[in-house]
Amino acid sequence: MRVLVSAMETSSNIHLKELKKYLDDGIEFVGVFDKELGNPLYDLSSLAIMGFVDALKKLRFFFRLRDELVELAKDCDKVLLLDSSGFNLPLAKKLRETYPNKEIIYYILPQAWAWKRKRVIALEKYCTKLCSILPFESEIYNDKSKITYVGHPLLDEIPKFKNELSNSGKIVFMPGSRKTEIKNLMPIFKDLIKRGLNPKVVEIGIMDGLPGLEKKFKEYFNNAVPGRCW
């Protein structure tokens, strides 16, 4: 079975890798995803954007990418979209118009319960199945037959949990996984410390599963703020 995948974010691919453990060995991914999962069309680092200006710079590229994925879908049995509603919702629309009977599955739904609730209309119109990771998400959807709560992937991916609340006396700054996020946020973190935060209680955190991130963006992590990066 061939599945067209559109997983634009580093975080989405962490969840996709976990999901793949439960899929049959005969399933082949095509499209956009981490290269550890197959042979994607493009390297993920070329797809990450943050903010309106960054999106405008890559607008033509993303239109071309959408059309490439629609063409690839012709020889795929199913479509799997993860997060990234700014790209994946227009892609879902184009796919539905081109292949009226193609099964389109959306996993890691847009946070329509928090903002831009009109996305619910598009999700229900263009997608066949909606896989929710939050139990209350289904409340804002009209077609309950399409949406299913499948559990939050972090519950499977995080090996240890605290049994009780405790005060470590530390503050963790999480700059994200995109280059633009790190580039924009690290100077702010540094400035906050200069304004009076105690350097001894500051740590910089990145998610496990993003190996080499601090090395890849060394210029932003090195000595950006006192503390530890893990």
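Overview of the structure. Values in this document were obtained by computation on a predicted structure and should not be read as measured data.

Thresholds applied
Residues numbered from 1 in each chain as written. Predicted model: local features only at pLDDT ≥ 70, side-chain atom pairs only at ≥ 80, totals over all residues. Heavy atoms only, no water. Phe/Tyr/Trp six-rings, centres within 6.5 Å; stacked < 30°, edge-to-face > 60°. Buried < 20%, exposed > 50% of the residue type's maximum accessible area, 1.4 Å probe, protein only. Patch = residues over 30% accessible without salt bridge, like charges linked within 9 Å, V, L, I, M, F, W, Y side chains within 5 Å. Areas by Shrake-Rupley, 256 points an atom, 1.4 Å probe, with all protein chains shown as cover. Salt bridge = Lys/Arg side-chain N within 4 Å of Asp/Glu carboxyl O. Helix = DSSP H or I, 4+ residues; strand = E, 2+ residues; numbered from the N terminus. Core = buried A, V, L, I, M, F, W, Y, C linked by side-chain atoms within 4.5 Å. Contact = heavy atoms within 4.5 Å. Pairing = 2+ DSSP bridges. Right-handed = clockwise from strand over helix to strand, strands pointing away. Axes fitted to C-alpha atoms, helices over the stretch in contact; angles between N-to-C directions. Parallel < 35°, antiparallel > 145°, perpendicular 65-115°, else oblique. Left-handed = near helix turned anticlockwise from the far one by under 90°. Nonpolar A, V, L, I, M, F, W, Y, C, P; charged D, E, K, R; others polar.

This paragraph deals with the packing of aromatic side chains. If you walk through the whole model with that rule in mind, you get 5 aromatic pairs. Ring plane angle 75° and centroid distance 5.3 Å describe the contact between Phe61 and Phe62, whose orientation is recorded as edge-to-face. When sorted by exposure, Phe61 lands in the same class as Phe62, which is buried. One aromatic cluster is present, built from ring pairs that chain together Tyr42, Phe61, Phe62 and Phe87.

All right, on to a nonpolar patch on the surface then. A cluster of nonpolar side chains, namely Leu155, Ile158 and Phe161, defines an oily patch on the protein surface of about 300 Å² accessible area. Along the chain, the position of Ile158 falls in the loop between helix 6 (154–157) and strand 7 (171–173).

With that out of the way, let us pick up the nonpolar core. The biggest cluster of nonpolar side chains holds 33 residues, and the ones touching the most others in it are Leu4, Leu65, Leu95, Tyr106, Leu130 and Tyr141. Mapped onto this core, the elements with two or more residues apiece are strand 2 (28–32), helix 3 (59–72), strand 3 (78–82), helix 4 (85–98), strand 4 (103–107) and helix 5 (119–126). Residue contacts for Tyr141: discarding those within four places in its chain leaves Leu109, Val120, Leu123, Glu124, Leu130 and Ile147. Counting residues in each nonpolar core, the second largest holds 15 residues, with Val5, Leu82, Ile108 and Cys131 among its members.

Applying the stated rule across the entire model yields 8 salt bridges. Salt-bridge contacts for Asp34 lead to Lys17; the nearest nitrogen and oxygen are separated by 3.7 Å. Within this pair, whereas Asp34 is found in the loop between strand 2 and helix 2 (52–57), its partner Lys17 is found in helix 1 (residues 10–20), the two being separated by 17 residues in sequence. The partner of Lys78 in a salt bridge is Glu103, and the shortest N-O contact between them spans 2.3 Å. Here Lys78 is found in strand 3, whereas its partner Glu103 is found in strand 4, with 25 residues between them in sequence.

On to the pairing of strand 3. Where burial is concerned, most of strand 3 is hidden: 4 out of the 5 residues are buried. Relative to strand 3, strand 1 (residues 2–7) runs parallel, the two being bridged by 5 bridges. Opposite Ser6, over in strand 3, you have Leu81 as the bridge partner. In this sheet, strand 4 lies alongside strand 3 in parallel orientation, the contact comprising 5 bridges. The residue bridging Leu80 from the neighbouring strand is Ile105, located in strand 4. The handedness of the strand 3 to strand 4 crossover, carried by helix 4, is right-handed.

Attention shifts here to the packing of helix 3 against helix 4. At a minimum axis separation of 10 Å, helix 3 and helix 4 run at an interaxial angle of 40°. Between helix 3 and helix 4, the crossing angle belongs to the class labelled oblique. The handedness of the crossing between helix 3 and helix 4 is right-handed. Facing helix 3, whose interface residues are Phe62, Leu65, Arg66, Asp67, Leu69 and Val70, helix 4 presents Phe87, Pro90, Leu91, Lys94, Leu95 and Thr98. When grouped by side-chain class, the residues that make up the contact of helix 3 with helix 4 number 8 nonpolar, 1 polar and 3 charged.

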